[in-house]
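Okay, here's what each chain looks like letter by letter:
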Amino acid sequence: MSWDSWKQEVRCPCGKGVVIITTEMDDWNRTRVSEEILCEECLRKSELIRTQRLERNSRYSLLLNQLITYFKGKYCHIWIQHFESIKSKKELCNILNLHKIENCTIESFYYKTRTIELSKYLEGLIRIENLKKILELLGTDDSFLDKIIEEPLLLKKEIDAENLAEYMRRY
Ligand SMILES: [Zn+2]
């Protein structure tokens, strides 16, 4: 397998040097992009940002882990029990759509739940973006959760925005 590559030279952010952007493409049109910053100042800044992001990301993982562990410990069985008497997948799909926990057609709902146990599927919905919606659906409040969800939610927003910006920059 071979990679074709081409280089592009652009000004660095501070204007005192350049950044060499190398784009490579393989036989399956997969691309990868790398950057070499030829400016001391900008290189230092970019390394600082990289370190800060790594620290932030590991803090996010830690907080997320604590949050989900707390939530599952307290609500997972209630959440699964809540749907024990549900009559059909269609009914379940409607309820989840109504509370914006899912956003799918009944066909794609059948498809995504065709090989998974219902309890496993429901447990899989316990993700940070769904926690408050799940509590709302269960008709319960949790002021402790309101407190511990704030920071990871904020960090997630930041990380998502960064990933999106990175994606837009590349494609
Ligand atoms: Zn620079």
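Note that the structure is predicted; figures quoted are calculated from it, not measured. (Residues numbered from 1 in each chain as written. Predicted model: local features only at pLDDT ≥ 70, side-chain atom pairs only at ≥ 80, totals over all residues.)

Student: What should I look at first to understand the overall build of the protein chain in this one?
Tutor: Looking only at helices and strands, one finds six helices and three strands in the protein chain. Along its sequence from the N terminus, the protein chain presents helices and strands in the succession β-β-β-α-α-α-α-α-α. For 171 residues, the compact-globule formula gives about 16 Å, and the C-alpha radius of gyration of the protein chain, at 23 Å, lies well above that figure. Overall size of the protein chain, expressed as C-alpha extent along the three principal axes, is 65 × 40 × 25 Å. Per-residue burial over the protein chain gives 6% buried out of 171 residues. By sequence separation, contacts in the protein chain at least 24 residues apart represent 50% of the contacts at least 6 residues apart. (Helix = DSSP H or I, 4+ residues; strand = E, 2+ residues; numbered from the N terminus. Rg over C-alpha atoms; globule rule 2.2 N^0.38 Å. Buried ≥ 20, exposed ≤ 12 C-beta atoms within 10 Å, placed from the backbone. Contact = placed C-beta atoms within 7 Å.)

Student: Looking at this structure, I do not really get the sheet that holds strand S2 (residues 18-26). What am I missing?
Tutor: In sheet architecture, strand pairing relies on hydrogen bonds along the backbone and comes in two forms, parallel and antiparallel. Ordered by their spatial adjacency, three strands build an open sheet running S1-S2-S3, and the pairing between neighbours is antiparallel. The open sheet has two edge strands, strand S1 (3-11) and strand S3 (31-38), and neither has a second partner. Averaged over neighbouring strand pairs, the angle between their axes works out to 20° when direction is ignored. Pairing geometry for S1 and S2, over nine bridges, is antiparallel. The residue bridging Trp 3 from the neighbouring strand is Asp 26, located in S2. (Pairing = 2+ DSSP bridges. Axes fitted to C-alpha atoms, helices over the stretch in contact; angles between N-to-C directions.)

Student: Teacher, can you tell me more about the domain arrangement of the protein chain here?
Tutor: Interfaces are often sized by the accessible area lost when the parts come together. Looking at the protein chain, the domain boundaries give domain 1 (1-38) and domain 2 (53-170). Here domain 1 and domain 2 have C-alpha centroids that lie 38 Å from each other. (Domains from an automatic or database assignment.)

Student: What is the right way to read the nonpolar core from this model?
Tutor: For soluble globular proteins, nonpolar side chains are generally found buried alongside one another. Listed in full, the six residues of the largest apolar core are Phe 71, Trp 79, Leu 122, Leu 131, Ile 134 and Ile 149. Looking at this core, the elements that each hand over two or more residues are helix H1 (40-81) and helix H5 (131-138). In this structure Ile 149 touches Leu 67 and Leu 131, once residues within four positions along its chain are discounted. (Core = buried A, V, L, I, M, F, W, Y, C linked by C-beta atoms within 7 Å.)

Student: Which parts of the structure should I look at to understand unusual backbone geometry?
Tutor: Apart from glycine, the bulk of residues carry a negative phi angle, and the bulk of peptide bonds sit in the trans form. One non-glycine residue, Asn 29, adopts positive backbone phi at about 60°. Taking the C-beta count within 10 Å as the criterion, Asn 29 has 6 such neighbours and is therefore assigned exposed.

Student: Whenever I open this one, the pairing of S3 confuses me. Can you help?
Tutor: Two faces make up the sheet, and in a regular strand the side chains alternate between them. With zero of its eight residues buried, S3 lies for the most part at the surface. Note: S2 against S3, eight bridges, orientation antiparallel. The residue of S3 that forms the bridge with Thr 22 is Ser 34.

Student: So what exactly am I meant to see when it comes to the environment of Lys 45 here?
Tutor: Relative to the elements of secondary structure, Lys 45 occurs in helix H1. For Lys 45 and Val 33, which are 12 residues apart along the polypeptide, the C-alpha to C-alpha distance reads 20 Å.

Student: Is there a simple way to think about the packing of H1 against H5 in this case?
Tutor: When two helices pack together, you describe them by how their axes are tilted relative to each other and by the distance separating the axes. The interhelical angle for the contact between H1 and H5, taken along N-to-C directions, is 45°, at an axis separation of 11 Å. Between H1 and H5, the angle is such that the two are oblique. For the element pair H1 and H5, the recorded crossing hand is left-handed. Residues Phe 71, Tyr 75, Ile 78 and Trp 79 of H1 form the contact with H5, whose own contacting residues are Leu 131, Ile 134 and Leu 138. Its residues assigned to classes, the contact of H1 with H5 comprises seven nonpolar, no polar and no charged. (Parallel < 35°, antiparallel > 145°, perpendicular 65-115°, else oblique. Left-handed = near helix turned anticlockwise from the far one by under 90°. Nonpolar A, V, L, I, M, F, W, Y, C, P; charged D, E, K, R; others polar.)

Student: What is the right way to read the environment of Asn 29 from this model?
Tutor: Assignment of secondary structure puts Asn 29 in the loop between S2 and S3. The spacing of Asn 29 and Tyr 110 is 81 residues in sequence and 34 Å in space, taken between C-alpha atoms.

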